[in-house]
Amino acid sequence: MAATAEIQRNPSETTDADEFSLFQHFLAVDLNSDSDSAEPSSADQYRGWEELVHRKILGVDEQNQAIYRPSPRSSSEVRKEPSSTGKLVEWEGVVESVMSDKFDARLTAIKGSDVDFDEFTSFEVARVPQDDHDLIHPGALFRLVVGYQALGGTRQQYSRLTFRRLPAWNQNAIDEAQLKFKQIVNNIEWSDEVTSSG
Amino acid sequence: MKLPPQANQIEVTVFGPGYGECIVVHIADGRWIVIDSCKGKQGTQPVALKYFEQIGVNPAEQVELIIITHWHDDHIRGAAELVDSCPSAGLCFSEAFTKNEFVKFLSTYSTTRMSTHGTGVDEFTTILENVNNPARKIYRGGQDKRVLNLPGSDLSHNLSCEVWTLSPSGFQVTESEARFSSLISGVKGTMRRAAPGGENNHSVAAWIKIGDENIVLGADLETTKDSRAGWDSVFNSRNRPNGTVSLFKVPHHGSETGHHAELWARVLRKDVNAIVTPWNKNQGLPKMEDLDRLQDQTNNLYLTSKPSALPRARHDHDVERMMRQFGILTKRHPNSIGAVTARYVPCEDGEWEIRTWALN
């Protein structure tokens, strides 16, 4: 019975400074074969072959009494930002009114939920990151996300309310729009009639 | 309500699902007027069009006039689609919308369309952008202005039909200009959507006179401290239509600020048929004391829907669980759209027949 194995070691998993890919073929070992062509032809060759296998494939360094394993990812490779896994629901919200410690909002689900209606709710101002408090005004837009995240191998629920920092008002765009609507209104031929008492 | 009114029957149907309001009026012979617009779920038709479809009315040919009373979301949602579906209808909106400051306000907020949320500003800008149909008559609604006049000879019941706007007064038009100006001067920093707030000082109330029958639709007009504005200016006007009102759409969701004692005492008939559209967000209107006050005024009080809080919004199980974890509780419009329909055959000794029902 012939057995052939190929091992490709991912260079990123090795601690060796040299980047090289190992592509080793175990020599075919035919247990039923009488042929000895697959065997090392000399003791030295055999020892060299064995040492290569131990060192490069098994990670065994007999000389230094060490066993090498793929090292953990370096800190630069560790995912710092959580990745979302599984269910994620996102709404776009608009502030309708603001009180001292809370605000009313209208929400529209834009991801993760099939509902076909607007929703209404209130949020505590304290729920909003301090840096966004100056954005809480009637008409301000925000995103509300609720979902699961994977961080350091742990799956956790999270929710985040983030106000959208839209571009500043563009005076050119406003002037252009004013010109357009003034023209529309000025061009209307009003059908008002002269009023009389009823 | 599956059957349309008879040719000689007057109908007033008020839709009020708890957020939003729309009124349709049948003058005679399949000729209709629409006041304001609202919608149920996202992506659905404006309520007026849905009703017309149900009773077999062709809006493209049978709507005479559309009145937009003001630009707040709950009264204008779907109005652009409605106006587009009624190409032969006249269009009437508040005189305040034709003034420079409102145009500046509209222009400013029309540049912030980066949201899934439509607003009254979006609806109104869309209407204005498409209003260039020369066949369409456009009216400025203000105090004591007649915007429709059909002689009796044109209608099967032989009664003339007049539609008047009662507001805003000249003083209120000026007031609203100052308000729009202040909304623009507050514009700095990051863009925002237009958010309605403050008094409805440019709202268009309407008086419909069919023969001797008088109907007043109060929109969101309120009573203010200044007698040159609001219902004081309407009541005190010498140029408005006269007559006793038999059907009244109560202003501003039955609120105290929409109430005018002398109007009730001297213009509305005793036990007038009064219809209220509740506002079921935040604190809600009408409040219990509002209902008590209204029930003292008339025994014929009708509500388009229950004045209760909006129903809870339901998501699928996983989403509900996550929302509960973080204390997020949302509400929604009701599924069905509550309505009150009043029908009356003029020239007969009869009364208004009134039904409450729901448009699904």
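These figures come from a predicted structure and were not determined experimentally.

The subject of this paragraph is helix α1 (residues 43–57) of chain A. All names here are of chain A. Helix length check: α1, at 15 residues, gives a terminal C-alpha distance of 20 Å against a target of 21 Å (1.5 Å per residue), a fit within 8%. Taken together, the buried positions of α1 are occupied by V53, K56 and I57. The buried side chains of α1 occupy one side of the element, clustering within an arc of 100° when seen end-on. Away from the buried face of α1 by more than 90 degrees, exposed residues D44 and R47 are located. Positive phi shows up at G59, right after α1, with a value of about 75°.

The next thing to look at is helix α6 (residues 120–129) of chain B. Buried residues dominate α6 of chain B, accounting for eight of its 10 residues. Residues G120, V121, D122, E123, F124, T125, I127 and L128 of chain B constitute the buried set of α6 of chain B. If you follow the buried residues of α6 of chain B, they end up packed against α2 (171–186) of chain A together with α3 (73–76), α4 (79–85), β5 (90–94) and α5 (100–110) of chain B.

A few words on the interface of chain B and chain A. Counting residues at the interface gives 67 residues for chain B, matched by 62 residues for chain A. Taking both partners together, chain B and chain A bury about 5700 Å²; carbon and sulfur atoms supply 61% of that area. The closest approach of N and O atoms between R106 of chain A and D73 of chain B, which form a salt bridge, is 3.3 Å. In this assembly, chain B and chain A are joined by 12 residue pairs in polar contact (both at pLDDT 80 or more). Residue assignment for the side of chain B that touches chain A shows that the elements contributing at least two residues are α5, α6, β6 (138–141), β7 (145–150), α11 (317–325) and β14 (331–332) of chain B. It is α5 of chain B that contributes the most residues to the side of chain B that touches chain A, eight residues altogether. In terms of residue class, the side of chain B that touches chain A is made up of 23 nonpolar, 23 polar and 21 charged. Here strand β7 (residues 119–124) of chain A pairs with β14 of chain B via two bridges, running antiparallel.

Turning to the sheet that holds strand β8 (residues 161–165) of chain B, a few remarks are in order. All names here are of chain B. Read from one edge to the other, the open sheet built from seven strands follows the order β7-β8-β9-β10-β11-β12-β13, with strand pairing classed as mixed. Looking at the sheet topology across the chains shown, the edges are occupied by β7 and β13 (301–303). Within the sheet, the average angular offset between the axes of one strand and its neighbour, ignoring direction, is 15°. When strand β11 (residues 245–249) meets strand β12 (residues 268–276), the two strands line up parallel, connected through four bridges. From the neighbouring strand, K249 faces β12, where its bridge partner is I275. Lying over the sheet, helix α10 (residues 288–297) contacts β12 and β13, oriented at roughly 140° with respect to β13.

All names here are of chain B. In this fold, D220 is placed in the loop between β10 (213–217) and α8 (230–236). Judged by relative accessible area, D220 falls into the buried class, the value being 3%. Between the C-alpha atom of D220 and that of N299, which follows or precedes it by 79 residues, the distance is 22 Å. Here H75 takes part through its side chain, which lies 3.1 Å from a polar atom of the side chain of D220.

With that settled, the discussion passes to the sheet that holds strand β15 (residues 337–344) of chain B. Residue and element names in this part refer to chain B. Reading across the sheet, the eight strands line up as β6-β5-β4-β3-β2-β1-β15-β16 and stay open at both edges, with mixed pairing between neighbours. The open sheet has two free edges, formed respectively by β6 and β16 (353–359), since each of these has just one partner strand. Strand-to-strand twist of the sheet, defined as the mean angle between neighbouring strand axes without regard to direction, takes the value 15°. For strand β1 (residues 10–15) and β15, the ladder comprises six bridges, and the chain directions are antiparallel. Each bridged residue has a counterpart across the sheet, and for E11 the counterpart in β15 is R343.

The subject of this paragraph is unusual backbone geometry. Residues and elements named next belong to chain B. Put simply, S167 and P168 share a cis peptide bond, and its omega is 0°. As for its placement among the helices and strands, P168 is situated in the loop between β8 and α7 (170–185). With an omega dihedral of -5°, the bond running from L285 to P286 counts as a cis peptide bond. When you line up the elements, P286 lands in the loop between β12 and α10. With a phi angle near 60°, N158 is a residue other than glycine that sits in the positive phi range. Residue placement: N158 occurs in the loop between β7 and β8. Look at N158 and you get exposed, because its relative accessible area is 58%.

Calculation rules
- Residues numbered from 1 in each chain as written.
- Chains lettered and ligands numbered in written order.
- Predicted model: local features only at pLDDT ≥ 70, side-chain atom pairs only at ≥ 80, totals over all residues.
- Heavy atoms only, no water.
- Helix = DSSP H or I, 4+ residues; strand = E, 2+ residues; numbered from the N terminus.
- Expected span 1.5 Å × (residues − 1).
- Buried < 20%, exposed > 50% of the residue type's maximum accessible area, 1.4 Å probe, protein only.
- Arc of directions from axis to C-beta.
- Contact = heavy atoms within 4.5 Å.
- Buried area = accessible area lost by both parts, 1.4 Å probe.
- Salt bridge = Lys/Arg side-chain N within 4 Å of Asp/Glu carboxyl O.
- Polar contact = N/O pair within 3.5 Å; in protein donor to acceptor, adjacent residues only side chain to side chain.
- Nonpolar A, V, L, I, M, F, W, Y, C, P; charged D, E, K, R; others polar.
- Pairing = 2+ DSSP bridges.
- Axes fitted to C-alpha atoms, helices over the stretch in contact; angles between N-to-C directions.

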